[in-house]
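In case you want the letters, here they are:
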Amino acid sequence: MNKIFLSGRITSEITRFGTDSKGGVSFSLVTSKPVIKDGQVQKDGQGYTETYDEFHTVKAFGGLGKSVANHKKKGDKLMVVGEVRYSRNERDGRTYYNTDIVAEEIEFL
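Note that the structure is predicted; figures quoted are calculated from it, not measured.

Colleague: Please set out the overall build of the protein residue by residue, giving values where relevant.
Modeller: Helix and strand counts for the protein stand at one helix and eight strands. For the protein, the succession of helices and strands along the chain, N to C, is β-β-β-β-β-β-α-β-β. Its C-alpha radius of gyration of 16 Å places the protein more than 25% over the 13 Å reference for a compact globule of 109 residues. C-alpha extents for the protein along the principal axes are approximately 50 × 40 × 30 Å. When each of the 109 residues of the protein is scored for burial, the buried share is 28%. Across the protein, the fraction of contacts at a sequence separation of at least 24, relative to all contacts at a separation of at least 6, is 57%. When the accessible surface of the protein is split by element, carbon and sulfur atoms take 46% of a total near 7,700 Å². Within the protein, one finds 17 positive and 15 negative side-chain charges whose respective centroids are separated by 3 Å.

This is the structure in structure tokens:
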């Protein structure tokens, strides 16, 4: 089974690609969890919780993509349910590997 659940904030502008009928959107989503050492949540010098952040590239297609593009912006919270997709591209003689989250459901938080 290839299923992922992410909750986080949009960290990039939402980019449209393709056509209206066969296109979608792409954006970056950050997820955070507290840093825990010896069973204790770590705080920085100002008393804020230290976090371990992960950045994910999310793609949404069709009506789901349109809804995100029309109603969400950088900084907004989302819950994304989808699957992990890996791809490989060659450009200028170099090979690039990408990991994307393809959204099946998106809940606005």
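That covers the picture; the talk isn't over yet.
Colleague: So what's going on with the pairing of strand 3 (residues 24-34)? Which residues, and what values?
Modeller: Side-chain positions along a regular strand alternate between the two faces of the sheet. Counting buried residues along strand 3, eight of its eleven residues qualify, which places the element largely inside the surrounding structure. Pairing analysis gives three bridges linking strand 2 (residues 15-17) to strand 3, with the strands arranged antiparallel. Across the sheet, Phe17 pairs through a bridge with Gly24, a residue of strand 3. The turn linking strand 2 back onto strand 3 is made up of six residues, and Gly18 within it adopts a positive phi angle of 75°. Strand direction decides the pairing type here: strand 3 and strand 6 (residues 51-61), joined by eleven bridges, are antiparallel. Paired with Ser28 across the bridge in strand 6 is Thr57.

Colleague: Quick one: what's the story with the packing of aromatic side chains, residue by residue and with numbers?
Modeller: For the coordinates displayed, the defined rule picks out one aromatic pair. When the ring of Phe17 is compared with that of Phe61, the centres are 5.6 Å apart and the planes differ by 80°; the resulting orientation is edge-to-face. Here Phe17, found in strand 2, pairs with Phe61, found in strand 6; they are 44 residues apart in sequence, far enough to count as distant. Taking relative accessible area as the criterion, Phe17 reaches 30% and is therefore assigned partly exposed. A relative accessible area of 39% places Phe61 in the partly exposed class. Looking at Lys59, its charged tip hangs above the ring of Phe17, at a distance of 5.9 Å from the centre. Directly above the aromatic system of Tyr96 lies the positively charged group of Arg91, at a separation of 4.8 Å from the ring centroid.

Reading guide: rules and limits
Residues numbered from 1 in each chain as written. Predicted model: local features only at pLDDT ≥ 70, side-chain atom pairs only at ≥ 80, totals over all residues. Heavy atoms only, no water. Helix = DSSP H or I, 4+ residues; strand = E, 2+ residues; numbered from the N terminus. Rg over C-alpha atoms; globule rule 2.2 N^0.38 Å. Buried < 20%, exposed > 50% of the residue type's maximum accessible area, 1.4 Å probe, protein only. Contact = heavy atoms within 4.5 Å. Areas by Shrake-Rupley, 256 points an atom, 1.4 Å probe, with all protein chains shown as cover. Lys, Arg positive; Asp, Glu negative; His and termini not counted. Charge placed at Lys NZ, Arg CZ, Asp CG, Glu CD. Pairing = 2+ DSSP bridges. Phe/Tyr/Trp six-rings, centres within 6.5 Å; stacked < 30°, edge-to-face > 60°. Lys NZ or Arg CZ within 6 Å of the ring centre and 35° of its normal.

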